[in-house]
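Observations on the three-dimensional arrangement
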Amino acid sequence: MADHLSPQHEAILAELRKGPATTMQLIKRCGVICVQARLHELKTDHGYAIGMQMVTVRDRRRATVRVAQYSLLPNTPAKRAA
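The present account deals with the structure reproduced in this document. Note that the coordinates shown come from a computational prediction; the quantities given were computed from them, not determined experimentally.

Rules used in this analysis
- Residues numbered from 1 in each chain as written.
- Predicted model: local features only at pLDDT ≥ 70, side-chain atom pairs only at ≥ 80, totals over all residues.
- Heavy atoms only, no water.
- Helix = DSSP H or I, 4+ residues; strand = E, 2+ residues; numbered from the N terminus.
- Buried < 20%, exposed > 50% of the residue type's maximum accessible area, 1.4 Å probe, protein only.
- Contact = heavy atoms within 4.5 Å.
- Areas by Shrake-Rupley, 256 points an atom, 1.4 Å probe, with all protein chains shown as cover.
- Core = buried A, V, L, I, M, F, W, Y, C linked by side-chain atoms within 4.5 Å.
- Axes fitted to C-alpha atoms, helices over the stretch in contact; angles between N-to-C directions.
- Parallel < 35°, antiparallel > 145°, perpendicular 65-115°, else oblique.
- Left-handed = near helix turned anticlockwise from the far one by under 90°.
- Nonpolar A, V, L, I, M, F, W, Y, C, P; charged D, E, K, R; others polar.
- Salt bridge = Lys/Arg side-chain N within 4 Å of Asp/Glu carboxyl O.
- Arc of directions from axis to C-beta.

1. Comments concerning the overall build of the protein chain
When its secondary structure is counted, the protein chain shows 3 helices and 3 strands. Ordered by position from N to C terminus, the α and β elements of the protein chain give α-β-α-α-β-β. In the protein chain, buried positions account for 32% of the 82 residues. Taking the intrachain contacts of the protein chain between residues at least 6 apart in sequence as the baseline, contacts between residues at least 24 apart amount to 53%. Counting every atom, the protein chain has about 5,500 Å² of accessible surface; 54% of that belongs to carbon and sulfur.

Here's what the structure looks like:
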């Protein structure tokens, strides 16, 4: 398991520590295009507990759509024991 986090991983974690965020919010706030790949790495390679739920939002055309919203899970260790 790698212990070093890249700047992209750090940026995503900083945003998730503030609260839940959708993929588009993380792209805009962190400047990370492949958010899902970085989240997968944070979970599998670094042991972070990150949850996902589908939420309903309005897109730029005001249509109702469902998108993924990610958050750091409470009551679980932030890092796996090595």
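This is not the end of the story, as more comes after the structure.
2. Quick word on the nonpolar core
Grouped together as the largest cluster of nonpolar side chains are 15 residues, with contacts concentrated most on Ile-12, Leu-16, Leu-26, Leu-39, Leu-42, Ile-50 and Tyr-70. Of all the secondary-structure elements, those providing two or more residues to this core are helix H1 (7–18), helix H2 (23–30), helix H3 (35–44) and strand E3 (64–72). Dropping the residues within four chain positions of it, Leu-42 is found in contact with Leu-5, His-9, Ile-12, Leu-13, Gly-47, Tyr-48 and Ile-50.

3. Some words on the packing of H1 against H2
Relative to each other, H1 and H2 sit at 120 degrees, their axes nearing to 10 Å. With respect to their mutual orientation, H1 and H2 come out oblique. Considering the relative orientation of H1 and H2, their crossing is right-handed. Note on element contacts: H2 touches H1 through Leu-26, Arg-29 and Cys-30, opposite Ala-11, Ile-12, Glu-15 and Leu-16. Tallied by class, the residues present in the contact of H1 with H2 amount to 5 nonpolar, no polar and 2 charged.

4. Some thoughts on unusual backbone geometry
With a phi angle near 70 degrees, Arg-62 is a residue other than glycine that sits in the positive phi range. Tracing the backbone shows Arg-62 in the loop between strand E2 (50–58) and E3. Classification of Arg-62 by relative accessible area gives exposed; the value is 58%.

5. Describing the pattern of salt bridges
Where charged atoms from two side chains of opposite charge approach closely, those side chains can pair. Following the criterion strictly, the structure yields 3 salt bridges and no others. When the shortest N-O distance is used, the salt bridge between Lys-18 and Glu-15 registers 3.1 Å. With Lys-18 and Glu-15 both in helix H1 and 3 residues apart, the pair spans about one turn of that helix. Relative accessible area serves as the criterion here: at 67%, Lys-18 is assigned to the exposed category.

6. Re H2
All buried positions along H2 are accounted for by Thr-23, Leu-26 and Cys-30. Angularly, the buried residues of H2 cover 65 degrees about the axis, an arc narrow enough to put them on a single face. Tucked into the core, H2 has its buried residues touching H1, strand E1 (21–22), H3 and E3.

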